[in-house]
Amino acid sequence: MGSPVVEVRNVQKVYGKKGGNQFKALNDVTFSMQEGEFVGIMGPSGSGKTTLLNVISTLDQVTSGEIKIDNVDITDMGQDELSDFRSQKLGFIFQDFNLLENMTIAENIALPLYLQGTPAKNIDAKVVTVAKRLGIEELLQKYPAEISGGQKQRSAAARALVHEPTVILGDEPTGALDSKNATSLLETMKDLNDRQNVSIMMVTHDAYSASYCQRIIFIQDGKLHKEIHRSATRELFYKEILDVLAQLGTKNA
Ligand SMILES: Nc1ncnc2c1ncn2[C@@H]1O[C@H](COP(=O)(O)OP(=O)(O)OP(=O)(O)O)[C@@H](O)[C@H]1O
């Protein structure tokens, strides 16, 4: 196992203003993710999963505590520095694909490269390489409205990967997909993780999606509840995940 790529220390997140209606969504959360890991974050609705992903992804700020990505503390960076950091180090896959409708798939995939300042002459080759890896090279000149949900999700995955980020963060990446497309995306993510050592952190409600991870961190009421590691087959891990979800009293399994 490599060095830690994400380190979360004593993180608290309180929504609302002092003296007003406050809500502690994360309460003293500490864990780390090693380079090359595929980690799932699970827990009941409202337990703080998206909040956790948002503070790690620099989209929201912690109230206290520290988060390091690739050994850099992101909790005391200014907005400009953060957006540079985000565009260099992070790739995002969300449930609603966030593809821009008036751009072709190729242009959508190229966005992180433009944000990073990649020279224009290098962009096409990078886009084609990642599109081939995800089996969407035939779609590059189409617009999002012209392709299926699964193809959109693979295009979004290509955009998350094209700039070779340190970490890919996913919030319910399979949430909008049917089971065939969900499996295809999960296989793709697992393959990237296995073969290219891409570190992935994914929030999911779904035990089947989570069973592709190596480790699941369960949170409840903003606190770490438990973590489990995959030791044998995916099928056995799936059953273990269902058991923990049953203990947590969720009905999502
Ligand atoms: N902007 C906000 N202001 C106030 N409270 C918030 C805000 N965003 C989230 N919360 C509260 O913080 C808690 C954690 O929310 P979060 O979205 O992280 O949960 P989650 O585990 O991702 O839930 P779900 O599985 O339903 O998406 C919830 O109780 C939610 O109501």
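Only a predicted model underlies this, so the values are computations on that prediction, with no experimental measurement involved.

Trainee: Can you lay out the site of the ligand for me, pointing to particular residues and giving the numbers?
Mentor: In the vicinity of the ligand, the contacting residues are Tyr 15, Gly 16, Phe 23, Ala 25, Gly 43, Ser 45, Gly 46, Ser 47, Gly 48, Lys 49, Thr 50 and Thr 51. Here the element with the most residues in the shell around the ligand is helix H1 (residues 49-56); it accounts for three residues. Its residues placed into classes, the shell around the ligand shows three nonpolar, eight polar and one charged.

Trainee: So, helix H3 (residues 105-116): which residues are in play, and what are the values?
Mentor: Residues Ile 105, Ala 106, Asn 108, Ile 109, Ala 110, Pro 112 and Leu 113 constitute the buried set of H3. Turning to H3, the residues buried within the fold contact helix H2 (79-89), helix H4 (120-133) and helix H5 (149-161). Positive backbone phi, at 80°, marks Gly 117, one or two positions downstream of H3.

Trainee: Before we move on, can you summarise the sheet that holds strand E10 (residues 223-229) with the specific residues and values?
Mentor: Strand order across the open sheet formed by six strands is E6-E7-E8-E3-E9-E10, with mixed pairing between neighbours. Every other strand in the sheet has two partners, leaving strand E6 (90-94) and E10 as the edge strands with one partner each. The mean inter-strand angle of the sheet, taken between neighbouring strand axes irrespective of direction, is 20°. The pairing of strand E3 (residues 38-42) with strand E9 (residues 215-220) spans four bridges and is classified as parallel. Counterpart to Gly 40 in the pairing with E9 is Ile 216.

Trainee: Tell me about the packing of H5 against helix H6 (residues 179-196), and name the residues and values.
Mentor: Viewed as axis vectors pointing N to C, H5 and H6 meet at an angle of 20°, and their least axial separation amounts to 9 Å. Between H5 and H6, the interaxial angle falls into the category roughly parallel. As H5 runs across H6, the sense of the crossing is right-handed. Contacts between H5 and H6 pair Gly 149, Gly 150, Gln 153, Arg 154, Ala 157 and Leu 161 from the former with Asn 181, Ser 184, Leu 185, Thr 188 and Leu 192 from the latter. Broken down by class, the residue content of the contact of H5 with H6 amounts to four nonpolar, six polar and one charged.

Trainee: Can you explain the packing of H3 against H5? Please cite residues and give values.
Mentor: The geometry of H3 relative to H5 is characterised by a closest axis approach of 7 Å and an angle of 30° between their N-to-C directions. By the angle between their directions, the pair H3 and H5 is classed as roughly parallel. For the pair H3 and H5, the sense of crossing is right-handed. Facing Ile 105, Asn 108, Ile 109, Leu 111 and Pro 112 of H3, the residues of H5 in contact are Ser 155, Ala 158 and Arg 159. Taken together, the residues that form the contact of H3 with H5 break down as five nonpolar, two polar and one charged.

Definitions and limits used
Residues numbered from 1 in each chain as written. Predicted model: local features only at pLDDT ≥ 70, side-chain atom pairs only at ≥ 80, totals over all residues. Near = placed C-beta within 6 Å. Helix = DSSP H or I, 4+ residues; strand = E, 2+ residues; numbered from the N terminus. Nonpolar A, V, L, I, M, F, W, Y, C, P; charged D, E, K, R; others polar. Buried ≥ 20, exposed ≤ 12 C-beta atoms within 10 Å, placed from the backbone. Contact = placed C-beta atoms within 7 Å. Pairing = 2+ DSSP bridges. Axes fitted to C-alpha atoms, helices over the stretch in contact; angles between N-to-C directions. Parallel < 35°, antiparallel > 145°, perpendicular 65-115°, else oblique. Left-handed = near helix turned anticlockwise from the far one by under 90°.

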